[in-house]
Amino acid sequence: RHDFGCITHRPPVSHLAFFRTKMGFLSRLACSGGNRASFPESVADEIPPKMRSRSSRSNSWTSAPWVCGGGQIAEVCEPKLVPEASRVASAVFGGNGSVTALTDKIRDLPLMDKVTMSGRCMVQTKDMERFMMYQVGMLQNPGNYFLPGIKAFTLDVPIASLPKDKELIYDGCNPRSPAFKMTVEEVLEWQSSFRAFYSDDLYQEESGLEVLKRSLQGGSKIGEEAWMMKFVVRCSENPIIMRFDGQVIERESCAKSHGKIFLVSACGINFAARIHDHADITRYVKNWQKAWEVKPSGRPVLKSGRDMVPTGTRPVLNKELVQHDLMKMARLRWRAQDKLGVQVVVESALGLGVFSGDATGIGDEVRALSANAIKEALQQESFQNIKLVVFALPIMKRSNNYQVFERAFGDSSAPYQGSTTVLLTDQDMHAVALGAAEEGYTVGELNPADSHGIFGEYWQNLGPGTEEKLALTTCGLLTQHFAVNPKVTSTDHYIPIDTGAAE
């Protein structure tokens, strides 16, 4: 998966070829000495004759230097997107004008770098691994996995056992990169903010909370338990280490920010037909036994032990049920954030990438249903704290999620009537969140997770989707991963939320 806001973009083969030939040299030269440990030897085999940067205007790739400044290894130069326009696409709907200054600021943010982290994110992955190992004490368990494909690790000692004034430093392999610094005491405060909000009609009683506890450690069972994870959101105060330009944001320990940023991890509906989420198919597709191959026993036929096999028959969606559950999911995450005091919600296109069902021809239908369900839910809600909902929807190709949401909210026959201002923008979600926080707003940033319940999922696998990118660019591994933050498995931090329709 290679996606921002679940809009797919893949770098050219030449980009990857360059990394293969250069990574071993750079890792030894640029990342040697001190606690800047060199890359593992295996990475040299993963990674490109020329680094290239893309011009969206000419739709061509032009050479960009890897070594900067007179042949010195000053920094690892990342490719930058050559912008096609001087201002990002954006649109504002509804509200009472109370956040006009903020929406204007967000609309005037610099254009998003859509290239640097659109591919395998090898530099950012190795930098985060290095930080977790040499600063946090992560111990890799070679050959062991939390779940198939998800590398297992432990901590040498719990973070709470470290001296509170100990400084943890994320600075990357670039010797001239700024450093993002934090103390153990700060990390413990962020960990203590963890909450798992769940729909009050699910996970009932003590036995239900034990199911939720197990699910947040990767233990949700195939079928119903996986489906139930749509109605859980994990929230924690979670600083951003870098935007999607891959440049570390300089921060001193104990620096006070103007506004807090919460990470909000939530699942979408999975129409990619993975066996773990088969209940999404059997619940939301009326003719699923005709649209996917089924054994005489009634069980689906699987490819590679994971994927249901399509027959070529187009799935017929139960649109009413899909919309009902999408609205319920949205109410849960918004009400949870409102309860936390969040004022600005920043969302990506949840479940509208590979999970949308493009492979079986229903992707566009699912995207339209999702945009309209969100619009309808927002029109019904009134919040105590939330003033603005921003949908950061980077435009990566002609057909994109930005257009889908713009059609839904800008429909002249049924315009958006909600009391909460909505902003659509072709922008980096981190840039939006940081911009709002700088103005003193408390921000909630959506992390599109999945039903396995392990934060960051495949973050070490050099092929990240949006969820993995958020693990590489924020403090989420410290605050929401069960192997790092013990609060994730404490039922005292699980809170029920009424998800019924607003009266």
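Only a predicted model underlies this, so the values are computations on that prediction, with no experimental measurement involved.

> A description of the pattern of salt bridges should follow, citing residues and the corresponding values.
Using the criterion set out here, one finds 19 salt bridges in the structure. For Arg214, the salt bridge goes to Glu225, with nearest N and O atoms at 2.8 Å. Note that Arg214 is positioned in helix α6 (residues 205-215) and Glu225 in helix α7 (residues 224-228), a separation of eleven residues in sequence. On the basis of relative accessibility, which here comes to 13%, the residue Glu225 falls in the buried class.

> Help me get a handle on helix α5 (residues 184-192), residues and values and all.
Those residues of α5 that fall on the buried side of the exposure criterion are Val184, Glu186, Val187, Leu188, Trp190 and Gln191. On its buried side, α5 packs onto β8 (167-170), β9 (180-183), β11 (232-237) and α15 (476-480).

> Explain the side chain of Ser265 residue by residue, including any values.
Residue placement: Ser265 occurs in strand β12 (residues 261-267). Within the structure, Ser265 has its side chain in polar contact with the side chain of Gln480 (distance 2.6 Å). Once you skip the residues sitting within four places of it in the chain, Ser265 turns out to touch Val232, Val233, Arg234, Asn447, Ala449, Phe455 and Gln480.

> Give me the lowdown on the environment of Ala273, citing residues and values where you can.
Within the secondary structure, Ala273 sits in the loop between β12 and α8 (278-284). A C-alpha to C-alpha distance of 6.0 Å links Ala273 and Asp307, two positions 34 residues apart in sequence. If we ignore the near neighbours within four places in the chain, the residues touching Ala273 are Ile281, Trp292, Arg306, Asp307 and Met308.

> Any chance you could break down the sheet that holds strand β16 (residues 388-392) for me, citing the residues and the numbers?
The strands making up a sheet are joined through hydrogen bonds of the backbone, oriented either antiparallel or parallel. Taken in spatial order, the nine strands make up an open sheet running β5-β17-β16-β15-β18-β12-β11-β10-β19, and their pairing is mixed. The open sheet has two free edges, formed respectively by β5 (90-93) and β19 (494-497), since each of these has just one partner strand. If you compare each strand with its neighbour and ignore which way they point, the axes differ by 20 degrees on average. Against the sheet, α6 engages β10 (195-199), β11 and β19, with an angle of about 115 degrees to β19. Here helix α13 (residues 429-438) sits on the sheet and contacts β12, β15 (344-347), β16, β17 (421-425) and β18 (443-449); the angle it forms with β18, its principal contact strand, is near 160 degrees.

> Now, about unusual backbone geometry: what can you tell me, with residues and values included?
One non-glycine residue with positive phi stands out, namely Cys254, at about 65 degrees. Mapped onto the elements of the fold, Cys254 is located in the loop between β11 and β12. In this structure Cys254 comes out as partly exposed when scored by relative accessible area, which is 45%. The phi dihedral of Leu462 is positive, around 55 degrees, even though this residue is not glycine. Within the secondary structure, Leu462 sits in the loop between β18 and α14 (466-473).

> Describe the confidence of the model for the chain, naming the residues involved and giving the relevant values.
On average, residues of the chain carry a pLDDT of 85, and 83% of them reach 70 or more. Below a pLDDT of 50 lies the segment residues 1-83, which in the model reaches 194 contacts outside its immediate sequence neighbourhood of four places, other chains included.

> Go over the packing of helix α11 (residues 363-380) against helix α12 (residues 401-409) with me, naming the residues and quoting the values.
Closest axis-to-axis distance for the α11/α12 pair is 9 Å, and the angle between their directions is 45 degrees. Regarding the angle of α11 to α12, the classification is oblique. α11 and α12 meet at a crossing whose hand is right-handed. Judged by residue contacts, Arg367, Ala368, Ala371, Asn372, Ile374, Lys375 and Leu378 of α11 engage Asn401, Val404, Phe405, Ala408 and Phe409 from α12. When its residues are assigned to classes, the contact of α11 with α12 shows eight nonpolar, two polar and two charged.

> Could you give an account of helix α3 (residues 100-107), with specific residues and numbers?
Along an α-helix, residues three or four positions apart point the same way, because every turn accommodates 3.6 residues. By the burial criterion, the buried members of α3 are Leu102, Thr103 and Ile106. The arc that holds the buried residues of α3, viewed along the axis, is 95 degrees, so those residues lie on one side. Among the structural elements, β5, β15, β16, β17 and α13 are those in contact with the buried residues of α3.

> How would you summarise the nonpolar core if you had to cite specific residues and measurements?
Ranked by size, the top nonpolar core spans 77 residues in total, and within it Tyr203, Phe271, Trp334, Leu378, Phe391, Phe405 and Phe409 carry the most contacts. Counting residues per element, this core draws most heavily on helix α10 (residues 319-340), which supplies eight residues. Residues in contact with Phe409, not counting those within four places in the same chain, are Phe93, Ala371, Ile374, Lys375, Leu378, Phe391, Pro415, Tyr416 and Val422. Counting residues in hydrophobic clusters, the runner-up holds 55 residues, among them Ile106, Met182, Phe455 and Trp459.

Reading guide: rules and limits
- Residue numbering note: each chain is counted from 1, following its sequence as written.
- Reporting of local features is limited, given that this is a predicted model, to residues whose pLDDT is at least 70; pairs of side-chain atoms are given and counted only at 80 or more, and all residues count toward the totals for whole chains, interfaces and linings.
- Water and hydrogen atoms were dropped before computing side-chain values, which therefore reflect all heavy atoms in the structure.
- The term salt bridge refers to a pairing of a side-chain nitrogen on Lys or Arg with a carboxyl oxygen on Asp or Glu at a separation within 4 Å.
- Numbering of helices and strands runs from the N terminus; a helix is a DSSP stretch of H or I covering at least four residues, while a strand is a stretch of E covering at least two.
- Here's how the labels work: a residue is buried when its accessible area is under 20% of the maximum for its type, exposed when over 50%, partly exposed in between, all with a 1.4 Å probe on protein chains only.
- Contacts: residue pairs with any heavy atoms within 4.5 Å of one another.
- Under this definition, polar contacts are N or O atom pairs within 3.5 Å; protein pairs additionally need one hydrogen-donor-capable and one acceptor-capable atom, and for neighbouring residues in sequence, both atoms have to be side-chain atoms.
- Strand pairing is assigned whenever DSSP detects at least two bridges linking the two strands.
- Orientation is described by lines fitted to C-alpha atoms, with helices fitted over the stretch in contact, and by angles between N-to-C directions that extend from 0 to 180 degrees.
- Per-residue confidence from the predictor is reported as pLDDT, a score between 0 and 100.
- For classification purposes, an angle smaller than 35 degrees is called roughly parallel, one larger than 145 roughly antiparallel, one from 65 to 115 roughly perpendicular, and anything else oblique.
- Whether a crossing is left-handed or right-handed is set by the direction in which the near helix is turned from the far one by less than a right angle, anticlockwise for left-handed and clockwise for right-handed.
- Three categories are distinguished: nonpolar for Ala, Val, Leu, Ile, Met, Phe, Trp, Tyr, Cys and Pro, charged for Asp, Glu, Lys and Arg, and polar for the others, with Gly belonging to the last.
- Working note: the arc is built from the helix axis to C-beta atom directions.
- The nonpolar core is taken to be a set of buried Ala, Val, Leu, Ile, Met, Phe, Trp, Tyr and Cys residues, with the residues joined through side-chain atoms within 4.5 Å.

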